[in-house]
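Geometric and topological summary
Chain by chain, the residues:
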Amino acid sequence: MITRFAPSPTGHLHKGHAWSMLTAHEKAQNENGKFLLRIEDIDFNRCSPANTAQILEDLAWLGIEWEEPIRIQSEHLADYAAAAQSLQDRGLLYPCFCTRKDIQREIEAAGNAPHGSEGPLYPGTCRRLSEDERQAGIASGEPYALRLDLSKALEIIGTPLTWQDSIHGEQVARPEELGDAVIVRKDIGTSYHLAVVVDDGLQGVTDIVRGVDLFESTHLHCVLQRLLDLPAPIYHHHELLTDDEGNRLAKRDKSITLKSLRESGVSVAGLKKELGFSV
Ligand code: GLU
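The shown structure was predicted, so the numbers you read here are calculated from the model rather than taken from an experiment.

Moving on: the nonpolar core. Counting residues in hydrophobic clusters, the biggest one holds 37 residues, and the most contacted among them are Leu87, Leu148, Ile183, Leu194 and Leu227. Contributions of two or more residues to this core are made by helix 3 (77–89), strand 7 (145–148), helix 6 (150–157), strand 10 (182–184), helix 7 (192–202) and helix 8 (217–227). Aside from chain neighbours lying at most four places away, what touches leucine 194 is Tyr80, Ala83, Ala84, Leu87, Ile183, Val184, Leu224 and Leu228. Ranked by size, the runner-up nonpolar core spans 23 residues in total, among them Leu13, Ile39, Leu258 and Leu261.

As structure tokens, this is what we get:
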């Protein structure tokens, strides 16, 4: 068994992260497996080395040990580019020149645009461009993203996909909930979806413990796994911790970060106990 904790250094970790990480760590330990740490810092607009340093400090404080080396996503952009290229070579990605505004306008004009779990779906504007129009757009230097041509992808895959979740049971994949998702973003040259799937595959992760906020993304992840010929891990999408008022814990809420708990004198044993782990 190989589990992992894969935080994005966009802020400080809070109790919810501690719970998720301790669960992944315990799972690996119980099976004599491995626990990996991966820093998902591809979004350079939102991530910072200072946050990464803070994450490592928090984990060290919790007494968690991980396999070395830590995988830092920003050091592996070539791996994501290679995966994108392999999808592109099979005609599974198309350039999308739309801005958010363009998409919004198109959706409003359509009146009754199809919605997925994450909101209105991309209306497919750039999927309908001719090869000449695509080449002209690229040659003009206009920035573009690469989107998955989902119907083409599903045609290639053929049979309906399923994925396993130990908490929610077997799932029939519903990638249509995400539509033609962006696989390579305009600004960062990859996307969370692509990077996470490639890394879990390359690192041989067998069990993914993460919050239920990423449940819907898994419908797309299993399509990418199949297209990239990567093994399908087992998922454990857990509920998110909430505060006393029932609000989800958020990185922007400074008062409940691990750093502030530590500084206010909370002990590791106390925190672990509170979160339901043995000490
Ligand atoms: N990096 C993601 C986050 O911090 C988690 C990715 C995952 O566990 O798949 O939200």
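Another point: the packing of helix 3 against helix 7. Running from N to C, helix 3 and helix 7 point in directions that differ by 105°, and their axes come no closer than 10 Å. Taken together, helix 3 and helix 7 sit at an angle that is classed as roughly perpendicular. Packed against helix 3, whose contacting residues are Asp79, Tyr80, Ala83, Ala84 and Leu87, the element helix 7 presents Leu194, Ala195, Val198, Asp199 and Leu202 at the interface. Considered class by class, the residues forming the contact of helix 3 with helix 7 number eight nonpolar, no polar and two charged.

What follows concerns the packing of aromatic side chains. In this description, an aromatic ring pair is defined by two values, namely the gap between the centres and the angle between the planes. Applying the stated rule across the entire model yields four aromatic pairs. Arranged with centres 5.6 Å apart and planes meeting at 75°, the rings of tryptophan 163 and tyrosine 235 form a pair that is edge-to-face. Residue tryptophan 163 is located in strand 8 (residues 162–163), and its partner tyrosine 235 is located in strand 12 (residues 234–238); the two are separated by 72 residues in the primary sequence. Each of the two residues, tryptophan 163 as well as tyrosine 235, counts as buried. Among the aromatic residues, ring-to-ring pairing joins Trp163, Phe215 and Tyr235 into one connected group. One cation-aromatic arrangement involves arginine 147 over tyrosine 122; the distance from NZ or CZ to the ring centre is 3.7 Å. Residue placement shows arginine 262 over the ring face of tryptophan 61; its charged tip is 5.3 Å from the ring centre.

Turning our eyes to something else, we now look at the side chain of glutamine 54. Here glutamine 54 lies in helix 2 (residues 49–62). Residue classification places glutamine 54 among the buried residues on the basis of a relative accessible area of 8%. In contact with glutamine 54, not counting residues within four places along its chain, are His12, Lys259 and Arg262.

Below, the discussion takes up the site of the ligand. The environment of the ligand is formed by Arg4, Ala6, Pro7, Ser8, Glu40, Tyr192, Val196, Arg210 and Leu214. Tyrosine 192 places a polar side-chain atom, nitrogen or oxygen, 3.0 Å from an oxygen atom of the ligand. Coverage of the ligand by the protein amounts to 79% of the 300 Å² it exposes when considered alone. Counted by class, the shell around the ligand contains five nonpolar, one polar and three charged residues.

What follows concerns the packing of helix 7 against helix 8. Look at helix 7 against helix 8: their axes get within 10 Å of each other, and the N-to-C directions meet at 55°. In terms of their interaxial angle, helix 7 and helix 8 are classed as oblique. The two elements helix 7 and helix 8 cross, and the hand of that crossing is right-handed. Taken together, the residues of helix 8 that come into contact with helix 7 (itself represented by Tyr192, His193, Leu194, Val196 and Val197) are Ser217, Leu220, His221, Leu224 and Gln225.

What follows concerns helix 10 (residues 268–275). Of all the residues in helix 10, the buried ones are Leu271, Lys272 and Leu275. Projected onto a plane normal to the axis of helix 10, the buried residues spread over an arc of 100° and lie on a single side. Residues of helix 10 that are exposed and point more than 90 degrees away from the buried face comprise Lys273 and Glu274. Summarising the contacts, the buried residues of helix 10 are in contact with helix 1 (15–30), helix 2 and helix 9 (258–263).

Per the stated rule, a full pass over the model turns up 18 salt bridges. A salt bridge links lysine 259 to glutamate 263; the nearest nitrogen and oxygen atoms lie 3.2 Å apart. With lysine 259 and glutamate 263 both in helix 9, this residue pair falls four residues apart, about one helical turn. The exposure class of lysine 259 is partly exposed, given its relative accessible area of 25%. Looking at glutamate 263, the relative accessible area reads 57%, which means it is exposed. One salt-bridge network, held together by shared partners, links Arg4, Arg38, Glu40, Arg71, Asp79, Asp199 and Asp200.

Scoring rules and cut-offs
- Residues numbered from 1 in each chain as written.
- Predicted model: local features only at pLDDT ≥ 70, side-chain atom pairs only at ≥ 80, totals over all residues.
- Heavy atoms only, no water.
- Core = buried A, V, L, I, M, F, W, Y, C linked by side-chain atoms within 4.5 Å.
- Buried < 20%, exposed > 50% of the residue type's maximum accessible area, 1.4 Å probe, protein only.
- Helix = DSSP H or I, 4+ residues; strand = E, 2+ residues; numbered from the N terminus.
- Contact = heavy atoms within 4.5 Å.
- Axes fitted to C-alpha atoms, helices over the stretch in contact; angles between N-to-C directions.
- Parallel < 35°, antiparallel > 145°, perpendicular 65-115°, else oblique.
- Nonpolar A, V, L, I, M, F, W, Y, C, P; charged D, E, K, R; others polar.
- Phe/Tyr/Trp six-rings, centres within 6.5 Å; stacked < 30°, edge-to-face > 60°.
- Lys NZ or Arg CZ within 6 Å of the ring centre and 35° of its normal.
- Near = heavy atom within 4 Å.
- Polar contact = N/O pair within 3.5 Å; in protein donor to acceptor, adjacent residues only side chain to side chain.
- Areas by Shrake-Rupley, 256 points an atom, 1.4 Å probe, with all protein chains shown as cover.
- Left-handed = near helix turned anticlockwise from the far one by under 90°.
- Arc of directions from axis to C-beta.
- Salt bridge = Lys/Arg side-chain N within 4 Å of Asp/Glu carboxyl O.

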